[in-house]
Amino acid sequence: MVRDADGGLRRAADARLRRILTWPATPPRWRPQAGPLRSARLTSLLGVALGVAFGVCFVTGVLSHLVQHPPGWFWWPSRPVGLYRFTQGLHVATGLVTVPLLGAKLWSVYPRLFTWPPVRGLAHAAERASVAALVAAALFQVVSGVLNVAHWYAPMPFFFTTAHYWVAWLAIGGLLTHIGVQLPAIRAALSHSKAPEGDRARQEERARQEERARQGEAAPGDEVAPESGAVGRREVLVAVAAAAGVITVATVGQTVRPLAVVGVLAPRRPGDGPQGLPVNRTAAAAGVRDVALDPAYRLTVAGFGRSFSLSVTDLAAMPQHTAVLPIACVEGWSSAATWTGVRLRDLADLLGADLAGAEAVVESLQASGRYRASVVAGPHLADDRTLIALRLGREPLDLDHGFPARLIAPNRPGVLQTKWVARITVRRSS
Ligand SMILES: Nc1nc2c(c(=O)[nH]1)N[C@H]1C(S)=C(S)[C@@H](COP(=O)(O)O)O[C@H]1N2
Ligand SMILES: [Mo]
């Protein structure tokens with residue numbers, strides 16, 4: 001029978017692996033001991049919280065990536081105006097909450113790194129390797145994400161966006177595998193108080209624990225005396241929840257304006273900056289000071305075989321519209337502002353072509369740099385709140401906010417709100 005043959009093969013491979021890896025019978029003395037506090041229930045509760053935070057973070061992160069780098073099949077609406085602001089705020093907030101959760105989770109299982117013997121066979125080796133990959137990926141995501149929120153790119157010799165995106169897939173793959181492998185143990189640990197005596201998963205896990213205990217390698221999660229850790233466990237959970245709460249309150253002010261005063265850990269706060277709005281990249285940093293202030297500035301609009309140029313006076317003479325729209329930076333801060341200017345759609349209409357199925361490429365005076373241009377897809381091109389803004393509040397745009405003209409559209413990441421606009425090219429979307 002095939003099944004027997006498979007099992008036989010695996011047993012033979014396992015036996016060979018064990019012959020190669022001949023561990024001393026007794027573990028070294030420096031092996032950390034599992035205390036009663038590190039119970040399976042604590043580990044499982046932390047794991048569930050971490051899984052939820054990580055899941056929300058993953059979904060909102062993939063969404064953000066799709067919005068910024070849309071593949072052909074992807075469609076993103078221009079309304080609700082603040083949807084991206086919400087999903088990205090949630091991404092950063094859940095990501096920051098994983099810092100204490102991941103720390104506590106790793107603390108609760110850390111003596112398991114030293115299980116003896118280190119490798120018990122092929123399946124065990126594969127499981128340990130997958131957990132190692134998961135831990136490495138999760139730590140990478142948390143550390144790189146925090147560095148990004150802190151605008152500290154120096155320790156990252158790679159392009160953050162690409163690395164953070166691909167490692168997220170590694171982490172989620174590792175996480176799903178881990179949950180699959182641990183499901184019986186999680187269920188057993190969490191059904192501890194509620195499940196009827198005969199619960200099978202629980203019995204199986206009990207049996208496994210007893211077996212491990214007999215082999216003198218009681219895992220830290222194994223509840224030898226479940227009651228002894230009860231008070232301590234609650235304290236640990238309260239401390240972790242408190243840490244998560246403090247981190248959230250101290251950072252969420254970068255996007256929730258009423259909490260800005262307590263946002264002591266938020267690198268940027270709504271309301272701080274010229275004209276009451278933070279600046280991502282200054283005109284000086286982008287190298288556009290002189291060209292942006294040059295009276296010879298013209299905005300070129302091109303497409304469908306036509307092209308024309310407008311001065312700031314020409315733009316100001318067109319119908320002006322006002323919209324309250326947020327800048328929602330992927331780095332986690334966001335702030336709403338009142339913008340006034342010309343509708344992008346009105347400019348495109350001057351080309352005299354049918355705009356159905358069209359998109360616009362908006363380019364900056366900035367000669368180089370990753371965010372010097374962006375594509376405005378159909379829904380945003382058609383939206384009457386998508387503006388080439390000339391004014392912020394009551395004043396002309398500050399030079400650092402994109403003077404003389406910048407793009408501002410609803411429901412888009414900040415990186416796509418191109419400043420110092422020099423050229424708009426309208427084309428059929430591919
Ligand atoms: N030309 C140009 N436009 C740009 C950028 C840039 O680097 N160059 N940065 C973008 C990013 S990442 C953000 S968050 C917003 C911030 O706009 P603000 O500086 O006016 O707040 O501008 C966007 N527009
Ligand atoms: Mo940004």
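Everything numeric here is computed off the predicted structure, so don't read it as measured data.

Definitions and limits used
Residues numbered from 1 in each chain as written. Chains lettered and ligands numbered in written order. Predicted model: local features only at pLDDT ≥ 70, side-chain atom pairs only at ≥ 80, totals over all residues. Heavy atoms only, no water. Helix = DSSP H or I, 4+ residues; strand = E, 2+ residues; numbered from the N terminus. Buried < 20%, exposed > 50% of the residue type's maximum accessible area, 1.4 Å probe, protein only. Contact = heavy atoms within 4.5 Å. Areas by Shrake-Rupley, 256 points an atom, 1.4 Å probe, with all protein chains shown as cover. Near = heavy atom within 4 Å. Polar contact = N/O pair within 3.5 Å; in protein donor to acceptor, adjacent residues only side chain to side chain. Nonpolar A, V, L, I, M, F, W, Y, C, P; charged D, E, K, R; others polar. UniProt positions renumbered as here; feature names shortened; annotations may be inferred. Pairing = 2+ DSSP bridges. Axes fitted to C-alpha atoms, helices over the stretch in contact; angles between N-to-C directions. Core = buried A, V, L, I, M, F, W, Y, C linked by side-chain atoms within 4.5 Å. Domains from an automatic or database assignment. Phe/Tyr/Trp six-rings, centres within 6.5 Å; stacked < 30°, edge-to-face > 60°. Lys NZ or Arg CZ within 6 Å of the ring centre and 35° of its normal. Parallel < 35°, antiparallel > 145°, perpendicular 65-115°, else oblique. Left-handed = near helix turned anticlockwise from the far one by under 90°.

Attention now goes to the overall build of the protein. In terms of regular secondary structure, the protein is built from 12 helices and 10 strands. Residue burial in the protein is summarised as follows: out of 430 residues, 46% are buried. The long-range share in the protein, meaning contacts at least 24 apart out of those at least 6 apart in sequence, stands at 69%. For the protein, the accessible area works out to roughly 21700 Å², and carbon and sulfur atoms hold 63% of it.

A separate point is the site of ligand 1. What surrounds ligand 1 is a group of 19 residues, the closest being Pro 278, Asn 280, Gln 366, His 401 and Lys 419. Contact distances for ligand 1 include 2.6 Å between an oxygen atom and a backbone N or O atom of Pro 278. At a separation of 3.2 Å, a nitrogen atom of ligand 1 approaches a polar side-chain atom of Ser 364. Contact with the protein chains removes 99% of the 540 Å² of surface that ligand 1 exposes when unbound. Its residues assigned to classes, the shell around ligand 1 shows nine nonpolar, seven polar and three charged.

All right, on to the UniProt feature "transmembrane region" (unreviewed entry) in the protein then. Taking the numbering used here, the UniProt-annotated feature "transmembrane region" (unreviewed entry) corresponds to residues 45–68, 88–110, 131–154 and 166–186. In residues 45–68, helix accounts for 100% and strand for 0%; the two terminal C-alpha atoms are 35 Å from one another. Each end of residues 166–186 is marked by a C-alpha atom, and these two atoms are 28 Å apart; helix forms 100% of the span and strand 0%.

Looking now at the sheet that holds strand β5 (residues 358–364). Pairing between the strands of a sheet comes from backbone hydrogen bonds, and it takes one of two forms, parallel or antiparallel. Sheet architecture is open: five strands sit in the order β2-β1-β10-β5-β6, paired in mixed fashion. Of all strands in the sheet, those bounded by a partner on one side alone are β2 (306–310) and β6 (373–376). When strand polarity is set aside, the average angle formed by the axes of neighbouring strands in this sheet is 15 degrees. The sheet contact formed by β5 and strand β10 (residues 421–428) spans seven bridges and is antiparallel. Note on β10: the bridge partner recorded for Val 362 is Ile 424.

Moving on, we come to the pairing of β10. For strand β1 (residues 299–303) and β10, the ladder comprises three bridges, and the chain directions are parallel. Paired with Ala 302 across the two strands is Thr 425, which belongs to β10.

The next point concerns the nonpolar core. Core analysis: the largest hydrophobic core is formed by 46 residues, its most contacted members being Leu 101, Trp 339 and Ile 408. Elements with a contribution of two residues or more to this core: α2 (40–68), α3 (83–109), α4 (122–149), α5 (160–190), α7 (230–251), β3 (321–328), β4 (334–343) and β7 (387–392). Summarising the domain contributions, this core has at least three residues from each of domain 1 (24–262) and domain 2 (276–428). Look past the residues within four positions of Leu 101 in its chain and what remains in contact with it is Leu 46, Ala 49, Leu 50, Ala 53 and Val 240. Core analysis: the second largest hydrophobic core is formed by 25 residues, Tyr 297, Leu 315, Leu 407 and Val 426 among them.

Moving on to the packing of aromatic side chains. Applying the stated criterion across every chain, the model contains eight aromatic pairs. Relative to Phe 114, the ring of Tyr 110 has its centre 5.7 Å away and its plane inclined at 85 degrees; by these criteria the two rings are edge-to-face. Residue Phe 114 is classed as partly exposed on the basis of its relative accessible area of 23%. Ring geometry for Phe 140 against Phe 158: centres 5.4 Å apart, planes inclined by 40 degrees, an arrangement best described as tilted. One end of the pair, Phe 140, is in helix α4; the other, Phe 158, is in the loop between α4 and α5, and 18 residues separate them in sequence. Chaining the aromatic ring pairs together yields one cluster made of Phe 58, Tyr 165, Trp 166 and Trp 169. In this arrangement the basic side chain of Arg 370 is found over the ring face of Phe 159, its NZ or CZ atom lying 3.5 Å from the centre.

Its place among the elements puts Leu 392 in strand β7. Separated by 117 residues in sequence, Leu 392 and Gln 275 place their C-alpha atoms 7.3 Å apart. Once you skip the residues sitting within four places of it in the chain, Leu 392 turns out to touch Gln 275, Leu 277, Ala 337, Thr 338, Trp 339, Leu 397 and His 401.

Our focus in this paragraph is the packing of α3 against α4. The contact between α3 and α4 brings their axes to 10 Å, and the two run at 135 degrees. In this view, α3 runs oblique relative to α4, as classed from their interaxial angle. Our pair here, α3 against α4, has a crossing hand that is left-handed. The segment α3 lies against α4, with Val 92, Leu 96, Thr 98, Val 99, Leu 102 and Leu 106 engaging Val 135, Ala 138, Leu 139, Val 142, Val 146 and Val 149. A breakdown of the residues in the contact of α3 with α4 according to their chemical character gives 11 nonpolar, one polar and no charged.

Right, let's get into the packing of α4 against α5. Remark: α4 packs on α5, axes separated minimally by 8 Å, with the N-to-C direction vectors making an angle of 140 degrees. Taken together, α4 and α5 sit at an angle that is classed as oblique. In the packing of α4 onto α5, the handedness of the crossing is left-handed. Class assignment for the residues of the contact of α4 with α5 results in 12 nonpolar, 10 polar and one charged.

Turning our attention to the environment of Pro 111. Relative to the assigned elements, Pro 111 resides in the loop between α3 and α4. The class of Pro 111 is buried, set by a relative accessible area of 6%. C-alpha of Pro 111 to C-alpha of Arg 38: the two residues are 73 residues apart in sequence and 9.2 Å apart in space.

Below, the discussion takes up the pairing of β6. With burial as the criterion, only one face of β6 is covered, namely that bearing Ser 374 and Val 376; the residues Ala 373 and Val 375 on the opposite face remain uncovered. Of the strand pairs in this sheet, β5 and β6 are connected by four bridges, and their pairing is antiparallel. Residue pairing for β6: Glu 363 is matched across the bridge by Ala 373.

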